[in-house]
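An overview of the molecular structure
In case you want the letters, here they are:
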Amino acid sequence: MDVDMRLLRYFAAVAEEGSLTGAAGRLFVSQPALTKQIRRLEDGLGVRLFARSRSGMALTEAGCELASRLPALLDRWDEAVQATGRAARVLRLGFLDAGAMGAVAEVITEFRQARPEWRVELRQSDWSDPSAGLARGEMDAAVVRLPFPGQDGFTVTELFREERGVLLPARHPLANRETVEFRELWEEPFAAAGAETGAWREYWLATAERDGHPVRVGAVTTRPDEWLGAVAGGCVALAPASAARFYSHPDVVFRPVHGVSPSRVGLARPRGRTQQAALDELLGAITRRMGRSS
């Protein structure tokens, strides 16, 4: 059968994690969606790859055979994709939000002028994948917000920090304040990312800064328009200060918040891949420019 490489990456993640829950968090997909894809792979191959139980997912004999051969196969595929990109002279840079991009657009313009033979493609991911396409092998590098699940598997350079504030419905009693104390928001319903985003979701709910106070999730969102709509509808949401410049809604206001740590923006790339001079040049220029402007 012809196998989608994404199915093989899903299989590899489940085999390494030993559970659908752990693999779903690592891949930024829902557990039901991952279960469906694993079954699709098994049906296509005509074999059972996992023995399912309450304790997790154990590899069958057939699954062990595939798992033993897969790392080399995926490495060769990644190398082929990289080689194809080099031959086509294309660099793929992922990102999540415009506020994190800073001077990246200027750097890319200068890079294109200096290296006109190269094309730089910017691809935005929604918030269901905080790695901005890196975890799925779709990007050469990405501008990300830290922390994100699985970031230990990438080379990450912090670029700058910016304060976090809160998006409030314009009619909210706190909307007339100049600043808001985070503890005043603890009872509010928050707009949150999906549970599969793990540590990223927890960070934007500031669960570590609530003194153990439970979170109320009022809506789950993956895109800015959903996010702003949820806030206009009565939720609140922590947001980087740049959100006030890049995202607007007539029924939503941004206010600074005391009591939460700043957002960190980083530049991430896969580890262990063949170095590429053009990519190194571009990422180096981004790091230098963003470091100066922070």
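Before reading on, note that the structure itself is shown above.
The structure contained in this document is the topic of the report that follows. (Residues numbered from 1 in each chain as written. Predicted model: local features only at pLDDT ≥ 70, side-chain atom pairs only at ≥ 80, totals over all residues. Heavy atoms only, no water.)

**Brief notes about the sheet that holds strand S7 (residues 164-169)**
The strand order S8-S12-S7-S11 describes an open sheet built from four strands, whose pairing is mixed. Across the chains shown, the open sheet's two edge strands, defined by having one partner strand only, are strand S8 (180-181) and strand S11 (237-240). (Pairing = 2+ DSSP bridges. Helix = DSSP H or I, 4+ residues; strand = E, 2+ residues; numbered from the N terminus.)

**Section: the pattern of salt bridges**
Tallying each qualifying case throughout the model produces 22 salt bridges. As a salt-bridge pair, Glu158 and Arg264 come within 3.4 Å of each other at their nearest N and O atoms. Of this pair, Glu158 sits in strand S6 (residues 154-162) while Arg264 sits in strand S13 (residues 263-270); the two residues are 106 residues apart in sequence, bridging distant segments of the chain. Of the charged contacts in the structure, one is a salt bridge between Arg269 and Asp280, with a shortest N-O distance of 2.8 Å. You can see Arg269 sitting in strand S13 and its partner Asp280 sitting in helix H9 (residues 277-293), a full 11 residues away along the chain. For Arg269, a relative accessible area of 16% corresponds to the buried category. Of the residues examined, Asp280 reaches a relative accessible area of 29% and is grouped as partly exposed. The network of salt bridges with shared partners includes Glu42, Asp43, Arg48 and Arg52. (Salt bridge = Lys/Arg side-chain N within 4 Å of Asp/Glu carboxyl O. Buried < 20%, exposed > 50% of the residue type's maximum accessible area, 1.4 Å probe, protein only.)

**What to know about the packing of aromatic side chains**
The full count for this structure, using the stated rule, is seven aromatic pairs. Ring centres of Trp227 and Tyr247 lie 6.1 Å apart, and the angle between their planes is 85 degrees; on these two criteria the pair is classed as edge-to-face. Pair noted here: Trp227 is in helix H7 (residues 224-232) and Tyr247 is in the loop between helix H8 (243-246) and strand S12 (252-258), with a separation of 20 residues, a long-range link. Three or more aromatic residues joined by ring pairs make a cluster, and in this case those are Trp127, Trp227 and Tyr247. The ring of Tyr203 has Arg164 sitting right over it, with the charged end atom 3.8 Å from the ring centre. One residue, Arg210, lies across the ring of Phe190, its end atom 4.7 Å from the ring centre. (Phe/Tyr/Trp six-rings, centres within 6.5 Å; stacked < 30°, edge-to-face > 60°. Lys NZ or Arg CZ within 6 Å of the ring centre and 35° of its normal.)

**Quick word on the nonpolar core**
Counting residues in hydrophobic clusters, the biggest one holds 47 residues, and the most contacted among them are Val166, Leu167, Leu168, Phe182, Leu185, Trp227 and Leu238. When residues of this core are assigned to their parent elements, the largest contribution, five residues, is made by H7. Sequence-distant contacts of Phe182, that is, excluding residues within four places in its chain, are made with Phe190, Leu205, Ala206, Glu209, Arg210, Leu238, Val257, His258, Gly259 and Val260. One finds Phe95, Val104, Ile108 and Val143 within the second-largest nonpolar core, a separate group that totals 24 residues. (Core = buried A, V, L, I, M, F, W, Y, C linked by side-chain atoms within 4.5 Å. Contact = heavy atoms within 4.5 Å.)

**Re the packing of helix H1 (residues 5-17) against helix H2 (residues 20-27)**
Here H1 crosses H2 at 130 degrees, and the two axes come no closer than 8 Å. It follows that H1 is oblique to H2 by the angle criterion. Regarding H1 and H2, the two cross each other, and that crossing is right-handed. Between H1, through Tyr10, Ala13, Val14, Glu16 and Glu17, and H2, the contact on the second element is made entirely by Leu20, Gly22, Ala23, Arg26 and Leu27. (Axes fitted to C-alpha atoms, helices over the stretch in contact; angles between N-to-C directions. Parallel < 35°, antiparallel > 145°, perpendicular 65-115°, else oblique. Left-handed = near helix turned anticlockwise from the far one by under 90°.)

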